[in-house]
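Descriptive structure summary
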Amino acid sequence: ITGARGRTVHLMAKVLVADDSIAVRKVAERLLTEAGLDVSLAASGDEAMALLSSERPDLIVCDVIMPDKSGYEVCAFVRAQPNLATVPVLLVSGIVNAEVNRQAESCQADSVLKKPFQGTSLKDRVLELLAKGPEGPAAPAPTTSAETESVSEPEKGKVYRITEEQLQAFRQATSKIQELESALTTEQQRSSQLTHQLQEMDQLRERVEELDMALRNERDAAAQLVKQLEETEQHSSNAKELTALLAKEQEEKTRMSREVVELQQVAAQVKELEGHLEKERERSSRLDQQLADTAIVAGKVEELETALAKEREQTAHLTLRIKDLEPTAARVEELEALLAQECEQTAAMSQRLAAAELFAAKAQARQEEVARKLGEIADLSK
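Attention in this report is confined to the structure presented alongside it.

Turning to empty space enclosed by the protein, a few remarks are in order. Scanning the model with the defined rule gives one cavity of 30 Å³ or more in all. Put simply, the largest cavity is a space of about 60 Å³. Lining the largest cavity we find Leu225, Gln228, Leu229, Thr232, Val332, Leu335, Glu336 and Leu339. Here the lining of the largest cavity is composed, by residue class, of five nonpolar, two polar and one charged.

Next up, the structure:
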């Protein structure tokens, strides 16, 4: 296999992957195995150090944050061992910042890679480090002369070790960094989840406000329709009353017409009686009486003519009122059609409101499902 700088990497090079996440270990094992490498796995820093005491891999991939020994401590352990000092160490971390890089440089790690791994980034970085060969750091920084005297190995040259006090201080610092990184990761995840939930709630709130406004508009429109319907019913009631009055007036007019005919007949009889009075002077007294009756009838006829004129005026007035009511009847039919349309729109809005409530319920269920899955992912990543 050819590395990033053109140097050859021998097949079946041994790589040790140390990470407390089983998911990360499985992904790294698959990627590196596909690259033709022999992969060993360790679930903790202590397990990795135990394997290194009996094996010498060609490269070490180690997580920075682990429950027992951190990646910095494992790297420091590797650099302190004469037979492992030149083995490349690749640290992986969910957060890569200036502090992580400083700690990696302090423990003489060869490189730092951010996880989760993107594409072939892990395989490319491992092959690049393997291609470098033994060009990496050979030993950690020298310590005091008193410390080197107790650990010198004349046959291989002087090898400097980290004192217990320095190791303890380093462990405390790395433990604090692990806690801060873990807290920061947790807060970032919570912030992302809360931001996502807040956006969903804002969208739902805006949708609810829109539906509430539409519902208020529909209620106002329905109230106006009810008011118009009441006015229409009142106009209809007035029309019925006017129709009844008109029928009554027509009956009265018919009766008056009959009376006029009867009066005309009486007048004809009066004329006939007048002719008889002229022929029968001897019956003058009777004729005088008849003439008096005729005068009375004439007065009654005048009264009837006056009443007839009034009746005609009332008939004309009723005719005008009927014409005025015809547009009202047409308006009633138009309002009935509009009312039917508004009822259909109200029913459609009710269906849309029901669909919106169903969507909100589904969105809430989806949010709970996403929260549950995020919890499962968080459990897997521990």
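Having seen the model, we can carry on.
Take the pattern of salt bridges next. Counted under the stated rule, the structure contains 11 salt bridges. The partner of Asp19 in a salt bridge is Lys115, and the shortest N-O contact between them spans 3.0 Å. With Asp19 in the loop between β1 (14–18) and α1 (22–34) and Lys115 in the loop between β5 (111–114) and α5 (121–132), this pair connects stretches of sequence that are 96 residues apart. Residue Lys115 is classed as buried on the basis of its relative accessible area of 15%. The salt bridge partner of Arg102 is Glu99, with a shortest N-O separation of 2.6 Å. Of this pair, Arg102 and Glu99 both sit in helix α4 (residues 98–106), three residues apart, roughly one helical turn. For Glu99, a relative accessible area of 32% translates into the label partly exposed. The network of salt bridges with shared partners includes Asp19, Asp63 and Lys115.

Sheets are built from strands that pair by backbone hydrogen bonding, the pairs being arranged parallel or antiparallel. Reading across from one edge, β2-β1-β3-β4-β5 is the order of the five strands in this open sheet, with parallel pairing throughout. The sheet is open, and its two edges are formed by β2 (38–42) and β5, each paired on a single side. Neighbouring strand axes in the sheet, compared pairwise and without regard to direction, differ in orientation by 20° on average. Here four bridges tie strand β3 (residues 59–63) to strand β4 (residues 89–93), and the two strands are oriented parallel to one another. Pairing of Cys62 across the sheet is with Leu91, part of β4. Against the sheet, helix α2 (residues 45–52) engages β1, β2 and β3, with an angle of about 130° to β2. Against the sheet, α5 makes contact with β1, β3, β4 and β5, and its axis sits at roughly 170° relative to β5, the strand it touches most.

Ranked by internal contacts, the top residues of the largest apolar core, which has 23 residues, are Ile60, Cys62, Val78 and Leu91. Within the residue set of this core, elements represented by two or more residues are β1, α2, β3, α3 (71–80), β4 and α4. Contact partners of Ile60, with chain neighbours within four places excluded, come to Leu16, Leu52, Val78, Val87, Pro88, Val89 and Leu90. Counting residues in each nonpolar core, the second largest holds 21 residues, with Leu59, Leu90, Leu113 and Val126 among its members.

On to the packing of α2 against α3, then. Relative to each other, α2 and α3 sit at 15°, their axes nearing to 10 Å. As far as their axial angle goes, α3 and α2 are roughly parallel. Remark: the crossing between α2 and α3 carries right-handed chirality. In this structure, α2 contributes Gly45, Met49 and Leu52 to the contact, and α3 contributes Val74, Phe77 and Val78. Considering only residue class, the contact of α2 with α3 consists of five nonpolar, one polar and no charged.

What follows is about unusual backbone geometry. For residues that are not glycine, phi is negative in most cases, and the peptide bond is trans in most cases. A cis amide bond links Lys115 to the next residue, Pro116, at an omega of 5°. Within the element layout of this structure, Pro116 appears in the loop between β5 and α5. One non-glycine residue with positive phi stands out, namely Gln108, at about 65°. In this structure, Gln108 sits in the loop between α4 and β5.

Okay, the pairing of β2 next. The sheet contact formed by β1 and β2 spans five bridges and is parallel. Across the sheet, Val17 pairs through a bridge with Leu41, a residue of β2. Where the polypeptide runs from β1 across α1 and back to β2, its parallel neighbour, the crossover connection is right-handed.

Thresholds, definitions, all that
- Along each chain, residues carry numbers from 1 onward, in the same order as the chain's sequence is written.
- Residues qualify for local features only when their pLDDT is at least 70, as the model is predicted, and side-chain atom pairs are given and counted only at 80 or more; totals for whole chains, interfaces and linings, by contrast, use all residues.
- Heavy atoms from the whole structure form the basis of all side-chain values; hydrogens and water molecules are not counted.
- For cavity detection a 1 Å grid was placed over the protein atoms alone, and a set of points counts as a cavity when a 1.4 Å probe fits there but cannot get out; an open set counts as a pocket when protein lies on both sides within 12 Å along at least five of seven lines, with lining residues being those that have an atom within 4 Å of a point.
- Grid points are joined across faces, edges and corners, and a volume is the space filled by probe spheres set on the points.
- Under the grouping applied here, Gly and all other residues not named as nonpolar or charged are polar, the nonpolar ones being Ala, Val, Leu, Ile, Met, Phe, Trp, Tyr, Cys and Pro and the charged ones Asp, Glu, Lys and Arg.
- What makes a salt bridge here is a side-chain nitrogen of Lys or Arg within 4 Å of a carboxyl oxygen of Asp or Glu, nothing more.
- The way it works is that DSSP assigns letters per residue, a run of H or I at least four long becomes a helix, a run of E at least two long becomes a strand, and they are numbered from the N terminus.
- For every residue, the accessible area obtained with a 1.4 Å probe (protein chains only) is divided by the maximum for its type, and the residue is called buried under 20%, exposed over 50%, and partly exposed between those limits.
- We treat two strands as partners when DSSP finds at least two bridges between them.
- In this description, a line fitted to the C-alpha atoms serves as the axis of each element, helices being fitted only across the stretch in contact, and the angle between N-to-C directions of two axes falls anywhere from 0 to 180 degrees.
- We call two residues in contact whenever any of their non-hydrogen atoms come within 4.5 Å of each other.
- Take the buried residues of types Ala, Val, Leu, Ile, Met, Phe, Trp, Tyr and Cys, join any two whose side-chain atoms come within 4.5 Å, and each joined set is a nonpolar core.
- Every angle not falling under 35 degrees, over 145, or within 65 to 115 is termed oblique; those three ranges are roughly parallel, roughly antiparallel and roughly perpendicular.
- Put simply, a crossing is left-handed when the front helix is turned counterclockwise from the back one by less than a right angle, and right-handed when it is turned clockwise.
- A crossover counts as right-handed when, viewed with the strands pointing away from the observer, the path leading from the first strand over the helix to the second turns clockwise.

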